[in-house]
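# Structural overview for review
Residues per chain are reported as follows:
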Amino acid sequence: NFEVILIFCLISFFILGFFSDTKPNFKPFLRLFLQLLLIFIFLFLTDLSIDNTTIFFIDKFITNNFFNIIFTAICIVVFLNGSNFIDGVNANLIGYNIIVLFFLNNYNNDYNLYFLLITFSTFYIFNIFGKCFLGDNGVYIISILISYLTIDIINSNELNPLIALNLLWYPAFENLFSIIRRQIYKTKIDKADKKHLHTLLFL
């Protein structure tokens, strides 16, 4: 019953995102802890893992189940929070994920990615005109879904994992450099600013 497991996991992330949207005092570290907890459950239930990275000092340990789960969870949580960062300009995140799905659809897979592409494209039109928004709950669901599809399609087609890195680098880049920037300027790590790449380009 994989579909039931996936829907259960996505609903769990939706609920977490809903509380993140509606509770202004939701502490960032508690939110991060709950994200990781749900991701661990997600990985356990779906048996999802990164088979290899082509980075020798990581691949040396990737066959260890404990290390693999930790590593995969960190990759997903970085992508999830990075996706939240790039959701600051209408159509930025949804447009980015349309591009990712477009490239993933070129490889053999068991999913109806055309359905997702049509759904995302429809949302894109409304989002670009400010008629609807993702919010944290939408960001969480899409990030988990894209993470799963990317890892599974890369693994099943035995592709070079650098393809996944090329596809998903942008949110990870925003996450990493936002943390570094806020450390340098001694600002709170959870405080929003206008220094993101998409914001600077938009301005």
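In this text, all values refer to a predicted model and were calculated from it rather than measured experimentally.

## Focus on helix H7 (residues 135-156)
When the terminal C-alpha atoms of H7 are compared, their 32 Å separation across 22 residues agrees well with the 32 Å that a helix rising 1.5 Å per residue should span. Extensive coverage of H7 is indicated by the burial of 17 of its 22 residues. Following H7 by one or two positions, Glu158 adopts a phi angle in the positive range, close to 50 degrees.

## Brief notes about the packing of aromatic side chains
Evaluation of the coordinates by the stated rule reveals 11 aromatic pairs. Here Phe102 and Phe103 contribute two aromatic rings whose centre-to-centre distance is 5.7 Å and whose plane-to-plane angle is 85 degrees, an arrangement assigned as edge-to-face. For the ring pair Trp169 and Phe173, a centre distance of 5.7 Å and an interplane angle of 70 degrees mean the geometry is edge-to-face. Here Trp169 pairs with Phe173, and both are found in helix H8 (residues 162-184), just four residues apart, close to one helical turn. Counting every residue linked through ring pairs, the aromatic cluster contains Phe2, Phe42, Tyr111 and Tyr148.

## Observations concerning the packing of helix H5 (residues 92-104) against H7
Following both chains from N to C, one finds H5 and H7 inclined at 20 degrees, their axes separated by 11 Å at the closest point. On the basis of the axis angle, H5 is roughly parallel to H7. Two packed elements cross with a definite hand, and for H5 against H7 that hand is left-handed. Within the contact between the two elements, H5 uses Leu93, Ile94, Asn97, Val100, Leu101 and Leu104 and H7 uses Val139, Ile142, Ile146, Leu149, Thr150 and Ile153. In the contact of H5 with H7, the residues fall into 10 nonpolar, two polar and no charged.

## Quick notes on the state of the cysteines
A covalent bond bridging the sulfur atoms of two cysteines is what the word disulfide describes. What the rule picks out here adds up to zero disulfides. Left unpaired, Cys9 is separated from the closest cysteine sulfur, that of Cys75, by 18 Å. Residue classification places Cys9 among the buried residues on the basis of a relative accessible area of 3%. Taking the relative accessible area as the measure of exposure, Cys75 reaches 30% and is therefore partly exposed.

## A look at the environment of Lys23
Positionally, Lys23 belongs in the loop between helix H1 (2-22) and helix H2 (28-46). Overall, the relative accessible area of 44% leaves Lys23 in the partly exposed class. As for Lys23 and Phe42, which are separated by 19 residues in sequence, their C-alpha atoms are 24 Å apart.

## Here's the deal with the confidence of the model for the protein chain
On average, the protein chain scores 89 in pLDDT, and the residues at 70 or more come to 97%. No element of the protein chain has a lower mean pLDDT than helix H9 (residues 197-202), which averages 71, and none a higher one than helix H6 (residues 113-128), which averages 95.

Conventions adopted
- Residues numbered from 1 in each chain as written.
- Predicted model: local features only at pLDDT ≥ 70, side-chain atom pairs only at ≥ 80, totals over all residues.
- Heavy atoms only, no water.
- Helix = DSSP H or I, 4+ residues; strand = E, 2+ residues; numbered from the N terminus.
- Expected span 1.5 Å × (residues − 1).
- Buried < 20%, exposed > 50% of the residue type's maximum accessible area, 1.4 Å probe, protein only.
- Phe/Tyr/Trp six-rings, centres within 6.5 Å; stacked < 30°, edge-to-face > 60°.
- Axes fitted to C-alpha atoms, helices over the stretch in contact; angles between N-to-C directions.
- Parallel < 35°, antiparallel > 145°, perpendicular 65-115°, else oblique.
- Left-handed = near helix turned anticlockwise from the far one by under 90°.
- Contact = heavy atoms within 4.5 Å.
- Nonpolar A, V, L, I, M, F, W, Y, C, P; charged D, E, K, R; others polar.
- Disulfide = S-S within 2.5 Å.
- pLDDT = per-residue confidence, 0-100.

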